[in-house]
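# Coordinate analysis (summary)
Spelled out, the chains give:
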Amino acid sequence: MAVILKNHSFITFLFLFQFLPWQIHGFKTPFHPKDVLPLLPRQVSWPILNSLYSAVDIMPTFVGVASIEGNNTLEWKGACFFKNIAWLELHNKSNSQFGGGTLHIKVSNAHSWTCMDLYVFATPYRVTWDYYVLSREHTLEIKEWESQAELEYVKHKGISIFLMQAGMLGTLSALWDVLPLFTNTGWGENSNIGFLKKHMGSSFEKRPQPWVTNLTNTDDIHSGDFLAISKIRGRWGGFETLEKWVSGAYAGHSAVCLRDSEGKLWVGESGNENDKGEDVIALLPWEEWWEFELTKDDSNPHIALLPLHPDLRAKFNETAAWEYAKSMTGMPYGFHNLIFSWIDTIDGNYPSPLDANLVASVMTVWNQLQPAYAANMWNEALNKRLGTKNLSLPDVLVEVEKRGFSFAKLLAIPEQDDWVYSDGKSTSCVAFILEMYKEAGLFGELASSIQVTEFTIKDAYSLKFFENNASRLPKWCNADDNVKLPFCQIRGKYRMELPGYNSMDLYAHMNERCPSMPPKYYRPQSC
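Procedures and definitions
Residues numbered from 1 in each chain as written. Predicted model: local features only at pLDDT ≥ 70, side-chain atom pairs only at ≥ 80, totals over all residues. Heavy atoms only, no water. Pairing = 2+ DSSP bridges. Helix = DSSP H or I, 4+ residues; strand = E, 2+ residues; numbered from the N terminus. Axes fitted to C-alpha atoms, helices over the stretch in contact; angles between N-to-C directions. Contact = heavy atoms within 4.5 Å. Disulfide = S-S within 2.5 Å. Salt bridge = Lys/Arg side-chain N within 4 Å of Asp/Glu carboxyl O. Core = buried A, V, L, I, M, F, W, Y, C linked by side-chain atoms within 4.5 Å. Buried < 20%, exposed > 50% of the residue type's maximum accessible area, 1.4 Å probe, protein only.

- Going by what an unreviewed UniProt entry lists, the protein chain is known as Inositol-1,4,5-trisphosphate 5-phosphatase and is assigned to Solanum bulbocastanum.

## Thoughts on the sheet that holds strand β14 (residues 279-285)
- Sheet architecture is open: six strands sit in the order β14-β13-β12-β11-β15-β18, paired in antiparallel fashion. Strands at the two margins of the open sheet, each flanked by one partner only, are β14 and β18 (488-491). Sheet twist, expressed as the mean angle between neighbouring strand axes with direction ignored, is 25°.
- Here strand β15 (residues 302-306) runs beside β18; their pairing, made up of three bridges, is antiparallel. For Ala-304, the partnering residue across the bridge sits in β18 and is Gln-489.
- Of the strands in this sheet, β11 (226-230), β12 (253-259), β13 (265-273), β14, β15 and β18 touch helix α9 (residues 286-295), which is tilted by about 115° from β14.

## Observations regarding the pairing of strand β8 (residues 126-132)
- As judged from the seven bridges shared by strand β7 (residues 117-123) and β8, these two strands associate in the antiparallel manner. Its bridge partner being in β8, Phe-121 is matched across the sheet by Thr-128.

## Let's talk about the state of the cysteines
- Applying the stated criterion to the full structure yields two disulfides.
- The partner cysteine of Cys-477 in its disulfide is Cys-488, sulfur to sulfur 2.2 Å. Taking the sign of the S-S torsion, about -110° here, the bridge from Cys-477 to Cys-488 comes out left-handed. Of the two residues, Cys-477 is situated in the loop between α17 (457-461) and β18 and Cys-488 in strand β18; the sequence distance between them amounts to 11 residues.
- Between the sulfur of Cys-514 and that of Cys-527 lies a disulfide, 1.8 Å long from S to S. The sign of the S-S torsion, about 90°, decides the handedness of the disulfide formed by Cys-514 and Cys-527: right-handed. Of the two residues, Cys-514 is situated in the segment after β18 and Cys-527 in the segment after β18; the sequence distance between them amounts to 13 residues.

## Some points on the pattern of salt bridges
- Evaluated as defined, the whole model comprises 17 salt bridges.
- The residue Arg-235 makes a salt bridge to Glu-273 at a minimum N-O spacing of 3.7 Å. Of this pair, Arg-235 sits in helix α8 (residues 234-247) while Glu-273 sits in strand β13, and the two are 38 residues apart along the sequence.
- Each of Glu-205, Arg-207, Asp-481 and Arg-495 takes part in one network of salt bridges that share partners.

## Considering the nonpolar core
- Leu-306, Leu-382, Leu-411, Tyr-437 and Phe-465 are the most contacted members of the largest nonpolar core, which has 95 residues in total.
- Here this core gets seven residues from one element, more than from any other, and that element is helix α16 (residues 429-439).
- With sequence-adjacent residues up to four places away left out, Leu-306 is seen in contact with Asp-225, Phe-226, Ala-228, Tyr-461, Phe-466, Phe-487, Leu-498 and Tyr-501.
- Formed by 28 residues, the second largest nonpolar core is a distinct cluster that contains Cys-115, Tyr-119, Leu-140 and Val-398.

## Some points on the sheet that holds β8
- Spatially, β3-β10-β7-β8 is the arrangement adopted by the four strands of the open sheet, whose pairing is antiparallel. Unpaired on one side and paired on the other, β3 (61-66) and β8 mark the two borders of the sheet. Adjacent strand axes in the sheet meet at a mean angle of 25°, parallel and antiparallel pairs treated alike.

See the structure below:
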């Protein structure tokens, strides 16, 4: 292998060879370069792997539904095998109450002798996987259906099939790309930055030092001023990176400033971790909140203060804002409707390879692994949309089928601000702020026709609510930066970007039907 490391012509050949056509006049190559990369030294293989695969390749792609024998046979092209068919056979070989079945998959026309296809198979009641390396008919045996409901489901809907497009090697490489997003290391931070640059076009330009604004005097911060926060490492950094990717927001968290009757400055935040490790809504003195962000928040938060426009500040009803904030203090973070602010359309909010089928399968996995978590995240919200109560996720999917509409359509039904869940009203970080704005009078006559639980963080900072005259910004605002932003960045090594900042007027049913496809995140008018 030492010879390979020294022989640059071999690496050049490897790059050229991977782009050659692999089947010419029916000839199948004995191997594909991507199949043998793990055999090469790490110094050679990993740079190539990183150029071929990315974190999104860990997501399977929905290829279709295998129906019972006699219905339409599913056909598709795989990553390794280019010709594939599947059908489902029902039987009762196990002599069980509900019987079982056999999923038949015939794979052929492989592009090389060493490749393989990796699949995930799902119903609302189970998820399993398998991989295929030989051109022949393969079978997946299901000894017994879980219930009569699952049997009826597969009779009518079959088994959903998902392909790992990157294959076994690519999936492992993608997993290697995903894991560091959630690590609290420099490697993790660089991975998050790299992901956002690649998939969203973020620039991450460095700011001149100091990277923290001296805020010993906070007199220029007022009630209603918005705090946009971007975390780029650790658990929350990884989560926010994926949230930014699917929603188009360039910040992943938010909080709001409030002054009490004595002029003391506070911060209202949905998603503050309490002593029990729970994420709740909290009101914190500014000094306590700021000290935490400076010394204890290990996610390397980048923070921008977005001052309200003076005209809106004059309308801001502090008494009503405080009443709302106090009524919500201690309530759980808005997990119930977190994903529904992102999903507004049937197919316009899912970056490839995501789609509603994959969302349903991910929900099914979580429903099996952590049923209480799944119920908190989406079961109640799905029941709200159906007008039902206490249906489990499998029952929800069956009910959707009975009513003759798709799960994608169910996910796109707008959240309603007045919905009350088992643990109270549910507000994410940004919904908490915008609901406060409603209570404080900033939405005016449109308050009843806008559901703020449908807003992402991008939707919030795009509102034409903020200061638009640089001369009125505080003197300390970006004083040490040679680029004058339209808002005040108060913490962070990299310059924050908020595309579309302070540009949109309110209108009825705002943000209820908006697509969000990277990298441009095109938004039609009045969606």
